[in-house]
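For reference, the chains in residue letters:
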Amino acid sequence: MAMRPDVIQELEPELESVEGDRHRSWVWHVIRGSTQAKVGLGILLFFIVLAVLAPWIEPYDVHTKVGPVYAHPSLAHPFGLDDGGIDMLSLLIHGGRTSLVVGFAATLVAMLIGGGIGILAGYFGGGTDVALMRLTDYFIVIPDLPLAIIVAAVWGASLTHLIFVISLLLWTTTARIIRAQVKSVRERVYVKRARALGASDTRIILQHVLPQIGPLLIANTVLTVAVAIFDETALAFLGLGDPTAITWGNIIEHAFLRTAISSGYWWAIIPAGLCVAIVIMGCYWFGNAIEDALNPRLGVAHLSPRHFRIRTMLVGGRADPVELASRGRR
């Protein structure tokens, strides 16, 4: 039975209040109800705490030789020493701080650019949408490695330029995702009612659109952090990062160039690679849990039917040949 329009109008404020409460508490519900989210968030918080406390918890100075070259792991040096006699554990803690700063900074810039373009394109539509999406398409086809090489050659290799390159490559996906969500939100009843009452576009975007796309933007941000950290490691490994900075990518690059693996000094490269892999897995687990919460259909694929049974239909007192054939295949 359809509800009368006057009743719907009376219930709309209450429905908006309920929806607002649901969006305000969704993060806590995701973390509390998902083991995957707890593990992913725990990994991220662990490395973030290490990065914040790095100057106080590093066992040794990362610029001071404390033992022989490529010394084996021991109680004094759990991860051994590198080719310069520097403690690997101290390098990992210090390098993690720099890698996380680059990853989060590049993600922040990418989210601001991509989120802003996605909101403008999705909300205003028309010529604005076409122009911004064509700009997005042009940036999508830019190859990342040649762009990084050009930036490093023209402006010099530095962490600032590395952040610029990574953010320039990652904002396009965010722009497309946010645009699609905003195009759906702008057609909702409360948005149309606010527009009819004379609310400005800025007020509608800040009070009605942003709260609705906030969870999606956060989920995409967490996943983008993983991509940014991987890109930083890859570009630094190729020698396109700041050669004076200590990052996980630089640690791997130096170990590779100085034949650590071929000489059997696995501790000079594997711990840094594991740190990168674990952080990426943590971002993926946490972001994936948020995506499942935003779209429950992504998490119930296992409930879809895998077998279909056709009921037997008698044709002239005998079973239908189609049913018999299907039974034979089963």
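Residues numbered from 1 in each chain as written. Predicted model: local features only at pLDDT ≥ 70, side-chain atom pairs only at ≥ 80, totals over all residues. Heavy atoms only, no water.

## Regarding the pattern of salt bridges
- Inspection of every chain in the model, using the stated rule, returns 7 salt bridges.
- A salt bridge links Asp129 to Arg179; the nearest nitrogen and oxygen atoms lie 2.7 Å apart. Separated by 50 residues along the polypeptide, Asp129 in helix 6 (residues 126–140) and Arg179 in helix 8 (residues 159–185) bring together distant segments of the chain.
- Look at Asp129 and you get buried, because its relative accessible area is 8%.
- Three or more residues are tied together by salt bridges with common partners; here these are Asp129, Arg179 and Lys183. (Salt bridge = Lys/Arg side-chain N within 4 Å of Asp/Glu carboxyl O. Helix = DSSP H or I, 4+ residues; strand = E, 2+ residues; numbered from the N terminus. Buried < 20%, exposed > 50% of the residue type's maximum accessible area, 1.4 Å probe, protein only.)

## Side note on unusual backbone geometry
- With a phi close to 50°, Tyr70 is a non-glycine residue in the positive phi region.
- Tracing the backbone shows Tyr70 in the loop between helix 4 (54–57) and helix 5 (88–124).
- For Tyr70, a relative accessible area of 9% puts it in the buried group.
- The residue Thr259 is not glycine, and still its phi comes out positive at about 55°.

## A look at the confidence of the model for the protein
- Put simply, the protein has an average pLDDT of 80, and 81% of its residues get 70 or more.
- Predicted confidence for residues 1–21 stays below pLDDT 50, and this span has 10 contacts to residues more than four positions away or in other chains.
- Low pLDDT (under 50) marks residues 298–315, which in the prediction has 16 contacts with non-local residues, meaning those over four places away or in another chain. (pLDDT = per-residue confidence, 0-100. Contact = heavy atoms within 4.5 Å.)

## Thoughts on the environment of Arg188
- Along the chain, the position of Arg188 falls in the loop between helix 8 and helix 9 (189–196).
- Arg188 sits in the partly exposed class, given a relative accessible area of 26%.
- Counting along the chain gives 20 residues from Arg188 to His208, while the straight-line C-alpha distance between them is 9.9 Å.

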